[in-house]
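Summary of structural features
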Amino acid sequence: EPEVTQTPSHQVTQMGQEVILRCVPISNHLYFYWYRQILGQKVEFLVSFYNNEISEKSEIFDDQFSVERPDGSNFTLKIRSTKLEDSAMYFCASKMYFLTSAMNTEAFFGQGTRLTVV
Amino acid sequence: KNEVEQSPQNLTAQEGEFITINCSYSVGISALHWLQQHPGGGIVSLFMLSSGKKKHGRLIATINIQEKHSSLHITASHPRDSAVYICAVRILAGSQGNLIFGKGTKLSVKP
């Protein structure tokens, strides 16, 4: 069964360092998302990506964050200068297509990357 | 403000019991998802609903669009059902498909 794959599963980094979280979405999917979940809190939307550009982003997704799809398969989330409050579980998700609000398809989630900033 | 509310927050059941988890939302939606988050953190999509009812094995999900309410039922619960169950909605207007999540219901099924 196809699945969304995220690497690494756990990353520890020092405050101020750059981190790149990687995701391999399901191959025929066109929409990609990053979400995060701070320990003990609910999952929050960060950014959506379609046709090689950001289609929507939340207030959380500030200038420290960026996304790209460098090679047509990987979908990455970069945090330029990590802060302690960036410690969270980061989830990648993908879905096949989005034509109209009446024709939604299911999103598939990766297993997440646990980022710990020390 | 919480656009998605789940109840209960925590639920403990004995193996074999019938379980219901509720989700209410305050916005117009195009779809509602029920997700399962395992103790290790990974998220699995259980259902996506825009109307009516869906069944998969021992899991049943229903949605009432007029009342802005959905329920997830687990029949003949088992300890392996222990997880956090999350309701998430896709709002009707504007968004390109990002989800708004509830806080989750932590289910523990005792043998």
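Just above, that's the structure.
Residues numbered from 1 in each chain as written. Chains lettered and ligands numbered in written order. Predicted model: local features only at pLDDT ≥ 70, side-chain atom pairs only at ≥ 80, totals over all residues. Heavy atoms only, no water.

Moving on: the sheet that holds strand 7 (residues 65-68) of chain A. All names here are of chain A. Ordered in space as 1-3-8-7, the four strands form an open sheet in which the pairing is antiparallel. Edge positions in the sheet fall to strand 1 (5-7) and strand 7, since each has one partner strand and no second. Within this sheet the neighbouring strands show an average axis-to-axis angle of 15°, counted without direction. Pairing of strand 3 (residues 19-24) with strand 8 (residues 75-79), which is carried by five bridges, proceeds in the antiparallel orientation. Bridge pairing in strand 8 places Val19 opposite Ile79. (Pairing = 2+ DSSP bridges. Helix = DSSP H or I, 4+ residues; strand = E, 2+ residues; numbered from the N terminus. Axes fitted to C-alpha atoms, helices over the stretch in contact; angles between N-to-C directions.)

Between chain A and chain B, the residue contacts involve 23 residues of the former and 24 residues of the latter. Carbon and sulfur atoms make up 55% of the area that chain A and chain B hide from each other, which totals about 1,900 Å². Where chain A packs against chain B, one counts zero salt bridges. On the surface where chain A and chain B come into contact, there are two residue pairs in polar contact (both at pLDDT 80 or more). The set of elements that each furnish at least two residues to the side of chain A that touches chain B consists of strand 4 (31-37), strand 5 (44-50), strand 6 (53-57) and strand 9 (88-95) of chain A. The dominant element in the side of chain A that touches chain B, judged by the number of residues it contributes, is strand 4 of chain A, at four residues. By residue class, the composition of the side of chain A that touches chain B is ten nonpolar, eight polar and five charged. (Contact = heavy atoms within 4.5 Å. Buried area = accessible area lost by both parts, 1.4 Å probe. Salt bridge = Lys/Arg side-chain N within 4 Å of Asp/Glu carboxyl O. Polar contact = N/O pair within 3.5 Å; in protein donor to acceptor, adjacent residues only side chain to side chain. Nonpolar A, V, L, I, M, F, W, Y, C, P; charged D, E, K, R; others polar.)

Two cysteines joined by a covalent bond between their sulfur atoms form a disulfide. All names here are of chain B. A full pass over the atoms with the stated rule returns two disulfides over all chains. What pairs with Cys23 in a disulfide is Cys87, and their sulfur atoms sit 2.0 Å apart. Judged by the sign of its S-S torsion, about -65°, the bond between Cys23 and Cys87 is left-handed. Note that Cys23 is positioned in strand 3 (residues 19-25) and Cys87 in strand 9 (residues 83-91), a separation of 64 residues in sequence. We note that Cys23, like Cys87, is buried. (Disulfide = S-S within 2.5 Å. Buried < 20%, exposed > 50% of the residue type's maximum accessible area, 1.4 Å probe, protein only.)

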